[in-house]
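# Observations on the three-dimensional arrangement
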Amino acid sequence: MRNVLLVAKREMSVKMRNRAYIFGTLAVMTGIFILVFIISRADMEDASTAMMPEFAQKQIELQIQAGEEVMALHGLSAEEVNAQISVRFQELWEAYQAANPEGGGLDVRYWIGFIVGFLLFVAIVITGSMISIGVAEEKSSRIVELLLSSMTSFELMVGKIIGMAVVGLTQIAAIIAAAYTAARSFGLMGDIFADVNMGSAIWLALSFFLVGYLSYASLYASFAATVSRAEEVNSAIAPVMYILMIPYIAVMIPAFGSIAPLRFVLDYAPLFSPIGATVHYFQGGLELWQTLLSLAISIAALPFIMFLASRIYRRSVLTTGARLKIVRIMRGK
């Protein structure tokens, strides 16, 4: 455990003192404040109209004109008809809310689910990429040979994963805090969480992130260890990215949610559920017990995933030359 903590401390010290890391984070936070300020001062109605194609604007204009002409033909005024429609709509909406007391926050939960899924995806990609580059750089510079003379490959891999988790999460937390502060400061937050019970959802999201991060970070480190040059990292970790993209794309496209077999895989498959089950729980598509079952399955699969990843890492981290094939590594060749 001591070696793991030493490696983690080294990773945090090196990365957090990196100027690119510091100034990059500050640049993103500054950009968020500027963007939120511009949005808060913009006339969204005029902006949405300006972005609409000319033919679409003309269609809307002609629809309004046609409606006014028909109402005038029957002796009605547009103001009276619109007022009656608004009253009837309010009656129907109140009746719907009475029949569905938990439905008031569904729209909010739906979009919060998308945001949570995006943040989980970005967090895993950023930290995973950092780990991959670090593994490749240590291998190409032969530093890894010195490190492995005093610790096991598993301790080195786990130490890097823990250290980079702190680095990545610190950066992401700073960006989220900047976005939240900017939205609050410029009056864009409103009461979007008023109808949403976020208590259990927050710790479930954190639990799924940790399990998902450990799973994918192990794969990122092991696949990056199969190459000898940092330039080859992107091609080496491409299979891991493809796996991660499947649940992300599937939950971002609502049409996939109606495919029952795919929905089941997204909710309960270990590498998919950290994003799939979390998003669906936030959106109200999963009950609490179903989400806990999905989390339990992911936790149970984590040791197996880390065992396979450590096996690939151990057998490839000290090799040099051409990129190694995962199948040959698993066979011990």
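As a reminder, the structure under discussion sits directly above these lines.
Described in the following lines is the structure provided in the data block.

Conventions used here
- Residues numbered from 1 in each chain as written.
- Predicted model: local features only at pLDDT ≥ 70, side-chain atom pairs only at ≥ 80, totals over all residues.
- Heavy atoms only, no water.
- Helix = DSSP H or I, 4+ residues; strand = E, 2+ residues; numbered from the N terminus.
- Buried < 20%, exposed > 50% of the residue type's maximum accessible area, 1.4 Å probe, protein only.
- Contact = heavy atoms within 4.5 Å.
- Core = buried A, V, L, I, M, F, W, Y, C linked by side-chain atoms within 4.5 Å.
- Polar contact = N/O pair within 3.5 Å; in protein donor to acceptor, adjacent residues only side chain to side chain.
- Patch = residues over 30% accessible without salt bridge, like charges linked within 9 Å, V, L, I, M, F, W, Y side chains within 5 Å.
- Areas by Shrake-Rupley, 256 points an atom, 1.4 Å probe, with all protein chains shown as cover.
- Salt bridge = Lys/Arg side-chain N within 4 Å of Asp/Glu carboxyl O.
- Expected span 1.5 Å × (residues − 1).
- Arc of directions from axis to C-beta.
- Phe/Tyr/Trp six-rings, centres within 6.5 Å; stacked < 30°, edge-to-face > 60°.

## Some remarks on the overall build of the protein
Looking only at helices and strands, one finds 15 helices and zero strands in the protein. Split into buried and exposed, the 333 residues of the protein put 38% on the buried side. The contacts in the protein between residues at least 6 apart in sequence include a share of 79% that link residues at least 24 apart.

## Considerations on the nonpolar core
A general tendency of soluble globular proteins is for nonpolar side chains to be buried together. If you look at the biggest cluster of nonpolar residues, it comprises 54 residues, and the most contacted ones within it are Ile-131, Leu-156, Tyr-213, Tyr-220, Leu-244 and Tyr-313. Excluding anything up to four places from it in sequence, Tyr-213 contacts Ile-124, Thr-127, Ile-131, Ile-161, Met-164, Ala-165 and Ser-218. Tyr-268, Ala-277, Leu-286 and Leu-295 belong to the second largest nonpolar core, which has eight residues in total.

## Remarks on the side chain of Ser-273
Here Ser-273 lies in helix 13 (residues 273–282). Residue class for Ser-273 comes out buried when judged on its relative accessible area of 0%. A polar side-chain atom of Ser-273 sits 2.6 Å from a polar atom in the side chain of Ser-298. Non-local contacts of Ser-273, meaning those with residues more than four positions away in its chain, are made with Phe-208, Leu-266, Asp-267, Tyr-268, Thr-278, Ser-294 and Ser-298.

## Describing helix 13
The buried fraction of helix 13 amounts to ten of the ten residues, a majority that puts the element mostly inside the structure. Where helix 13 is concerned, the buried positions are Ser-273, Pro-274, Ile-275, Gly-276, Ala-277, Thr-278, Val-279, His-280, Tyr-281 and Phe-282. Two residues or fewer past helix 13, Gly-284 is found with a positive phi of approximately 85 degrees.

## Observations concerning a nonpolar patch on the surface
The grouping of Ile-115, Phe-118, Leu-119 and Ile-176 at the surface amounts to a nonpolar patch, some 340 Å² of accessible area in total. Ranked by residues supplied to the nonpolar patch, first place goes to helix 6 (residues 106–140) with three residues. Counting through the fold element by element, Ile-176 comes out in helix 8 (residues 153–185). Owing to a relative accessible area of 39%, Ile-176 belongs among the partly exposed residues under this scheme.

## Describing the environment of Tyr-313
If you trace the backbone, Tyr-313 turns up in helix 14 (residues 288–316). Judged by its relative accessible area of 1%, Tyr-313 is buried. Apart from the residues within four sequence positions on either side, Tyr-313 is in contact with Val-135, Val-144, Ser-153, Leu-156, Met-157, Lys-160, Ala-221, Ser-222 and Ala-225.

## What about the side chain of Thr-278?
In this fold, Thr-278 is placed in helix 13. Those residues in contact with Thr-278 that sit more than four places away from it in its chain are Val-116, Leu-120, Ala-205, Phe-208 and Ser-273.

## Some words on helix 1 (residues 2–16)
Between its first and last C-alpha atoms helix 1 spans 21 Å; for 15 residues at 1.5 Å apiece the expected length is 21 Å, and the two agree. Considered for burial, the residues of helix 1 that qualify are Asn-3, Val-4, Val-7, Ala-8 and Glu-11. Each buried residue of helix 1 sits inside an arc of 135 degrees when the element is viewed along its axis, so together they form one side. Facing away from the buried surface of helix 1 by more than 90 degrees, the exposed residues are Arg-2 and Lys-9.

## A short note on the pattern of salt bridges
On inspection of all chains with the given rule, the structure shows two salt bridges. Put simply, Glu-91 and Arg-88 hold a salt bridge, and the shortest N to O gap is 3.1 Å. Placement of both Glu-91 and Arg-88 in helix 5 (residues 78–99) is noted, with a separation of three residues, approximately one turn of the helix. For Arg-88, a relative accessible area of 47% corresponds to the partly exposed category. Of the charged contacts in the structure, one is a salt bridge between Arg-263 and Asp-267, with a shortest N-O distance of 3.5 Å. Linking Arg-263 with Asp-267, this pair stays in helix 12 (residues 260–268), spanning four residues, or about one helical turn. With relative accessibility at 3%, the residue Asp-267 sits in the buried group.

## Digging into the environment of Phe-186
Within the secondary structure, Phe-186 sits in the loop between helix 8 and helix 9 (199–224). By relative accessible area, which is 26% here, Phe-186 ends up partly exposed. Spatially, the C-alpha atom of Phe-186 lies 7.3 Å from that of Val-36, the residues being 150 residues apart in sequence. Once residues within four sequence positions are removed from consideration, Phe-186 is found in contact with Phe-33, Val-36, Phe-37 and Ser-40.

## Some points on the packing of aromatic side chains
Inspection of every chain in the model, using the stated rule, returns three aromatic pairs. Where Phe-121 meets Tyr-248, the ring centres are 4.0 Å apart and the plane angle is 15 degrees; that geometry is what we call stacked. Separated by 127 residues along the polypeptide, Phe-121 in helix 6 and Tyr-248 in helix 11 (residues 238–252) bring together distant segments of the chain. Here the two residues Phe-121 and Tyr-248 agree in accessibility, since each one is buried. Ring geometry for Phe-209 versus Tyr-213: centroids 6.0 Å apart, planes at 25 degrees, classification stacked. Residue Phe-209 and its partner Tyr-213 are located together in helix 9, separated by four residues, close to a single helical turn. Given a relative accessible area of 7%, Phe-209 falls into the buried group. A residue is classified by how much of its surface remains accessible, and Tyr-213, at 3% relative accessible area, is buried.

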